[in-house]
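Reading the structure
So the chains spell out like this:
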Amino acid sequence: MTDTHIIDDAREQALLRRYWYAASYSSALGAGPVSVTILGEDIVIVRLDGELVASRDQCPHRGAPLSGGIVVNHEGGECLRCPYHALHFDGTGAAVHLPGAPGDRLPSRVNLALLPCEERHGIVWVCLDAAPLGDIPAWPAFDRPDVARFQSDLEVWQAMPSRISENFNDLAHLSIIHAATFGDASNTAVPAETLTVSDDGHTITHSVTMPQLDRQTHDGPLVPVRVAYTYVHAMAFSTELCIQYDDVRTEWIQMTATPLTATSALVFQQSARNFDIDGDIAAWREFQITVNGEDRDLLEVLKPKRIAIDGSESGEIALSVDAFTIAYRRLWRQVLGQT
Ligand code: FES
Ligand SMILES: [Fe+2]
């Protein structure tokens, strides 16, 4: 880890360490440990006896990356074994065995400090702070038995995670950037939206009836329609968009950006729908990946690359179509002011 990986604003870095971030798709967590870098800090996650364990990816003994270790059985339970001198850590983080000194009582200082880590809605979430701010986003649609679903491949986007959230909640770009996929280029005016910030300051909800092209079949005719969008944004960088096509057909698009550095993010995107359950899931997934790519191409060339998370002194100009971004940056200003 070098300083260039750390967000240059110490207050922002300290605040961001307190939110939940997606570390891995559940399906990607196999029998061994995995590593992820969040805000420049290397984290190891492993499943021991079915329970998730997360910690700094650094052995307290001599600093070996624990993600290079393996899961072993020790006295009836699973342990993570360090790749260097094979210290064994159990599911509580306690160092319980050192092969080089098998009879020794190990000092508690060599135990791992565990981080909050939970599996929810197909994703493993972690927080770098023992006392997380807010909750893991509630995305129960992904778990429903009556939906079709997919997860996009993980991608690293060279963009600020807050800009990724701002873009996902941005209405005015839909008919422009996504004109080749679902945006209605002949209907660019953004309708009025209703927006509320929760009393605890952890979520922003906004709803709008938007014109778009009906892409429910992906290979059928592109019919202009108006559909009900409801976005729920959970701080810091997680949003679910619920699209109500009609009284029956609903689609949920979930996206979360995990800050790797100040200007890069690991992007998780997954979708669920309660219609066309047996339809062509691969085509639906490809379509969404194309849409995500349209956003990514634009986000990676925005200037300046790095601004304060609350937009202060960025020189950017808010316009009437920016309801979400205005509320989001105001919220960041408030939260930063309280730290
Ligand atoms: S560095 Fe991990 S056991 Fe020595
Ligand atoms: Fe977009």
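Everything numeric here is computed off the predicted structure, so don't read it as measured data. (Residues numbered from 1 in each chain as written. Chains lettered and ligands numbered in written order. Predicted model: local features only at pLDDT ≥ 70, side-chain atom pairs only at ≥ 80, totals over all residues. Heavy atoms only, no water.)

Here the focus is the coordination of the iron ion (ligand 2). For a metal with four tetrahedral donors the ideal donor-metal-donor angle is 109.5 degrees, while six octahedral donors give ideal angles of 90 or 180 degrees. Within the protein, H173 (NE2), H178 (NE2), D295 (OD) and D295 (OD) serve as the donor atoms for the iron ion (ligand 2), at 2.0 to 2.6 Å. Between the four donor atoms coordinating the iron ion (ligand 2), the angles at the centre fall across 55 to 150°, so the site counts as irregular. Coordination of the iron ion (ligand 2) draws on donor residues from a single chain, spaced H-x4-H-x116-D in sequence. Placement of the pair is H178 in the loop between α3 (174–177) and β13 (194–197) and D295 in helix α4 (residues 281–299), with a sequence separation of 117 residues. In terms of burial, H178 and D295 fall into one category: buried. (Donors = N, O, S within 2.8 Å, 3.2 Å for Na, K, Ca; no water. Tetrahedral: all angles 85-135°; square planar, octahedral: opposite > 155°, others 65-115°. Helix = DSSP H or I, 4+ residues; strand = E, 2+ residues; numbered from the N terminus. Buried < 20%, exposed > 50% of the residue type's maximum accessible area, 1.4 Å probe, protein only.)

Attention now moves to the domain arrangement of the protein chain. The domain boundaries assigned to the protein chain delineate domain 1 (18–127) and domain 2 (145–337). Taken over C-alpha atoms, the centre of domain 1 sits 34 Å from the centre of domain 2. Of the residues lining the interface, 16 residues belong to domain 1; the matching set on domain 2 comes to 18 residues. Together, Y19, Y21 and Y25 form the three largest contributors to the area buried by domain 1 at its contact with domain 2, with a combined 50%. If you look at where domain 1 meets domain 2, you find zero salt bridges. (Domains from an automatic or database assignment. Contact = heavy atoms within 4.5 Å. Buried area = accessible area lost by both parts, 1.4 Å probe. Salt bridge = Lys/Arg side-chain N within 4 Å of Asp/Glu carboxyl O.)

Geometrically, a packed helix pair is captured by the angle between its two axes and the distance between the axes. Where helix α2 (residues 161–168) meets helix α5 (residues 323–337), the closest approach of the two axes is 9 Å, and the angle between their N-to-C directions is 145°. Crossing of α2 over α5 shows right-handed handedness. Residue-level inspection shows S162, R163, S165 and E166 of α2 in contact with α5, the latter providing F324, T325, Y328 and R329. Partitioned by chemical class, the residues of the contact of α2 with α5 number two nonpolar, three polar and three charged. (Axes fitted to C-alpha atoms, helices over the stretch in contact; angles between N-to-C directions. Left-handed = near helix turned anticlockwise from the far one by under 90°. Nonpolar A, V, L, I, M, F, W, Y, C, P; charged D, E, K, R; others polar.)

This part covers the packing of aromatic side chains. In total, this model carries eleven aromatic pairs according to the counting rule given. Ring centres of Y19 and W332 lie 5.7 Å apart, and the angle between their planes is 80°; on these two criteria the pair is classed as edge-to-face. Of this pair, Y19 sits in the loop between α1 (10–16) and β1 (20–25) while W332 sits in helix α5, placing them 313 residues apart in sequence. The buried category is assigned to Y19, whose relative accessible area is 1%. (Phe/Tyr/Trp six-rings, centres within 6.5 Å; stacked < 30°, edge-to-face > 60°.)

A cluster of nonpolar residues, I317, L319 and V321, forms a patch on the protein surface that exposes about 300 Å² of accessible area. Following the sequence through the fold, I317 ends up in the loop between α4 and α5. (Patch = residues over 30% accessible without salt bridge, like charges linked within 9 Å, V, L, I, M, F, W, Y side chains within 5 Å. Areas by Shrake-Rupley, 256 points an atom, 1.4 Å probe, with all protein chains shown as cover.)

Residues in a regular strand point their side chains to alternate faces of the sheet. With six of six residues buried, β1 lies mostly within the body of the structure. Pairing of β1 with strand β10 (residues 123–127) involves five bridges; the strand directions are antiparallel. In the sheet register, Y25 faces β10, and the bridge partner there is I123. (Pairing = 2+ DSSP bridges.)

Turning our eyes to something else, we now look at the sheet that holds strand β4 (residues 51–56). Pairing in this open sheet of three strands is antiparallel, and the strands run β2-β3-β4 from one edge to the other. One side of each edge strand has no neighbouring strand; the edge strands of this open sheet are β2 (34–38) and β4. Direction aside, neighbouring strands of the sheet carry axes that sit 30° apart on average. Strand direction decides the pairing type here: strand β3 (residues 41–48) and β4, joined by six bridges, are antiparallel. Counterpart to R47 in the pairing with β4 is L52.

Another point: the side chain of S264. Within the secondary structure layout, S264 lies in strand β18 (residues 264–273). Classification of S264 as buried rests on a relative accessible area of 6%.

This paragraph deals with the nonpolar core. Core analysis: the biggest nonpolar cluster contains 65 residues, and Y19, I45, I164, Y229, F237 and W332 have the highest contact counts within it. Sorting elements by how many residues they give to this core places α5 first, with six residues. Taken domain by domain, this core gets at least three of its residues from each of domain 1 (18–127) and domain 2 (145–337). Judged by nonpolar contacts, the second largest core, of 14 residues, contains V46, L48, A64 and L66. (Core = buried A, V, L, I, M, F, W, Y, C linked by side-chain atoms within 4.5 Å.)

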